[in-house]
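Descriptive structure summary
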Amino acid sequence: MSDASTDYVVVGGGLTGCAIASRLGQSDKKLKVVLIEAGSDSSGDPAAAGFLSGLSLLGGKFDHVYQSNPEPNTLNRVHSLNSGKALGGGSILNFGGWLRADAADYDDWAEMVRDKRWSYDGFKPWFRKTERFHGSGNDTDTDAHGFDGPMHVVSISAAESGERKYPLREPVKQAWTELGVSFNPQKEKGSITGITEFYENSRHGMRQPANTAYPLENIEVLTNTIVNRVIFSGTTATGVELANGHKVTARREVILCAGTYRTPQLLMLSGIGPSAILNQAGIPVLHESPHVGQNLHDHFAIYFAFRLRDPSAGYALGSSSWQNPALCKGLPWDWVVSEPLPAEIITKHESDARKQKRNLYEVITVYTPPGIPGIPVDGTHIATSTMLLLPTSRGVVSIRSSSPSDPPRIQPNYFSTLLDRVTLVHAAKQTLKAMLATSSMQSIIEGETPPSGQGLDGLIPLTADASGEAIEERIRQTGIQHHHSGGTAAMGKVVNGEGKVIGVKGLRVADASILPIPLGGHPQATLYPMAEQIVSFIIQDILE
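What counts, and at which threshold
- Residues numbered from 1 in each chain as written.
- Predicted model: local features only at pLDDT ≥ 70, side-chain atom pairs only at ≥ 80, totals over all residues.
- Heavy atoms only, no water.
- Salt bridge = Lys/Arg side-chain N within 4 Å of Asp/Glu carboxyl O.
- Helix = DSSP H or I, 4+ residues; strand = E, 2+ residues; numbered from the N terminus.
- Buried < 20%, exposed > 50% of the residue type's maximum accessible area, 1.4 Å probe, protein only.
- UniProt positions renumbered as here; feature names shortened; annotations may be inferred.
- Pairing = 2+ DSSP bridges.
- Contact = heavy atoms within 4.5 Å.
- Axes fitted to C-alpha atoms, helices over the stretch in contact; angles between N-to-C directions.
- Domains from an automatic or database assignment.
- Buried area = accessible area lost by both parts, 1.4 Å probe.
- Polar contact = N/O pair within 3.5 Å; in protein donor to acceptor, adjacent residues only side chain to side chain.
- Nonpolar A, V, L, I, M, F, W, Y, C, P; charged D, E, K, R; others polar.

Looking at the pattern of salt bridges
On inspection of all chains with the given rule, the structure shows 21 salt bridges. Linking Glu532 and Arg23 is a salt bridge whose minimum nitrogen-to-oxygen distance equals 2.8 Å. Of this pair, Glu532 sits in helix H12 (residues 524-543) while Arg23 sits in helix H1 (residues 15-26), placing them 509 residues apart in sequence. A residue is classified by how much of its surface remains accessible, and Arg23, at 17% relative accessible area, is buried. Salt-bridge contacts for Asp108 lead to Arg358; the nearest nitrogen and oxygen are separated by 2.4 Å. One end of the pair, Asp108, is in helix H2 (residues 103-113); the other, Arg358, is in the loop between helix H8 (343-346) and strand E17 (361-366), with 250 residues separating them in the sequence. Judged by its relative accessible area of 15%, Asp108 is buried. Look at the salt bridges and you will find they share partners, linking Asp105, Asp108, Glu111, Arg354 and Arg358 into a network.

Okay, structure coming up:
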């Protein structure tokens, strides 16, 4: 394309970028919006349409697959960091989980940035605006859910006219009940503590990519287009420079939605960031912003595979007895467990009584081993994901050079704090107990099967009474992130409470990089409402 002019340039066609561009295009102000995406449009690819087929997309053409620096806390392993490279972004790659954070997480966010609009109550109108909710009868709270928004959200028990009932639904629920975890069907007052039902942003078992849920008919969309940097007149953003040298001028604002890894890189390439890094790369400093690229957080996790005693019973995907087609309408799961640490553990690490009650880990049981190395998808295994919800470890995203074609430098620093280690080891112990030592699961599960493959030789099965040392070593050998990264352009440090980049004008950030702290749940259920609220700020600025 040649040089162009528009009202708004949105960089990044992922979850928040599509939502923001779509809403601006729907404004009665007849705004002109250009949405720029580095990847292609996946609409013609059948693998991008469903969640199970989407497992094959990780690491493929719709994925940036950023590589971390070697991570000392995980035996110097290099982690592949999946990030959507397509119109729709992560909504093309994710598994459809629609799990909000706990109300207390949002309240902490609001307290940190001194802005009640980011509290749980502040989020409620935007939760409702985002959702078209289909519950199972116990979870149709009109204060908590919306029923005419663009994103179809359904509980597993309500999906497929109630036909999506997995054979291990009740045994898994009973296993956690045996361990003293309470059942929380209604998530009253925004609490996700205990056993709650999984929600998905699924429509008849198919994906709702951000670019279809939020239509882009009124938007000029540029795919396969790389942005080199934001351009400025003085300290006012006036547009972006593309990789081909052309410029797109923004009469009102440039809005960065390029993601946790790419957004801080773009800020630094544009002269906004830590001066020492910019000077080293030969980039003129437009605005010293030392927190750009800092505060990287992610949900670090360990997956376990559990071998079934009788694969013919039809408990897992791949079994010849798995006949009901409704069971394949999405990733096979039904419950999520979110829990705090026991008092005797957390009080050794946290003196604040309020924070002692926070949910620090999540466990999901999946009736297939989703990508665990060496574990076949043939009905012989189920799996669990055991994940840190509020990690205290922090990493860094930086630049390798002044060239936009060089990928960002990423040092995740996973599993680096004592609290994270204590939490994930305890959570893994609970997972092993639930699957291997409860009356409801002992007759179903034969044992834990370690992953196998390159770099995984010699792993031995873990048992219900495995030592903390053995579990910690397994985590260091096999633990991975959940692709829930955020924080690298944090609100209150890099942007203000409306996403505006501090120290310059005409530039805003509206993606997961602005999350100032880790949140429980899974991020898309927060990011879409976050985008809705930021759009309201943008439109209010026009009215003023």
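Structural notes on the UniProt feature "domain: Glucose-methanol-choline oxidoreductase N-terminal" (unreviewed entry) in the chain
Mapped onto the present numbering, the UniProt feature "domain: Glucose-methanol-choline oxidoreductase N-terminal" (unreviewed entry) falls at residues 84-107 and 259-273. Secondary structure content for residues 84-107 is 21% helix and 0% strand, and the end C-alpha separation is 29 Å. Helix makes up 73% of residues 259-273 and strand makes up 13%, while its end C-alpha atoms are separated by 16 Å.

Side note on the sheet that holds strand E8 (residues 199-200)
Neighbouring strands of a sheet are bound in pairs by backbone hydrogen bonds; such pairs are parallel or else antiparallel. Spatially, three strands are ordered E5-E6-E8 in an open sheet, and the strand pairing comes out mixed. Strands with a single pairing partner mark the edges of an open sheet, and in this sheet they are strand E5 (131-134) and E8. Direction of pairing for E5 relative to strand E6 (residues 151-155): parallel, over a ladder of four bridges. Within E6, the position partnered with His134 by the bridge is Val154. With respect to the sheet, helix H3 (residues 120-130) is in contact with E5 and E6, its orientation differing from that of E5 by roughly 75 degrees.

A few points about the domain arrangement of the chain
Domain boundaries assigned for the chain yield domain 1 (8-93 + 208-296 + 487-543) and domain 2 (160-204 + 300-388 + 415-478). Just the C-alpha atoms count here: the centres of domain 1 and domain 2 sit 32 Å apart. Taken together, the contact pairs 12 residues of domain 1 with 22 residues of domain 2. Together domain 1 and domain 2 conceal approximately 1,400 Å² of surface at their shared face, both sides included; 60% is due to carbon and sulfur atoms. The largest share of the area that domain 1 buries against domain 2 comes from Leu52, Asn73 and Gln208, three residues that together contribute 39% of it. At the boundary of domain 1 and domain 2, one finds zero salt bridges. Run the count over domain 1 and domain 2 and you get six residue pairs in polar contact (both at pLDDT 80 or more). Residue classes in the side of domain 1 that touches domain 2 are distributed as four nonpolar, seven polar and one charged.

Regarding the UniProt feature "active site" (unreviewed entry) in the chain
What UniProt calls "active site" (unreviewed entry) maps, in this numbering, to His484 and His522. The largest pairwise C-alpha distance within this set of annotated residues, which runs over 39 residues, is 7.0 Å, so the set is compact in three dimensions. Topologically, His484 is positioned in the loop between strand E22 (480-481) and strand E23 (507-509). Discounting chain neighbours no more than four positions away, the residues touching His484 are His297, Asp298, His299, Met387, Gly521, His522 and Pro523. Side-chain polar atoms of His484 contact the side chain of His299, separated by 2.8 Å. Relative to the assigned elements, His522 resides in the loop between E23 and H12. We classify His522 as buried; its relative accessible area is 7%.

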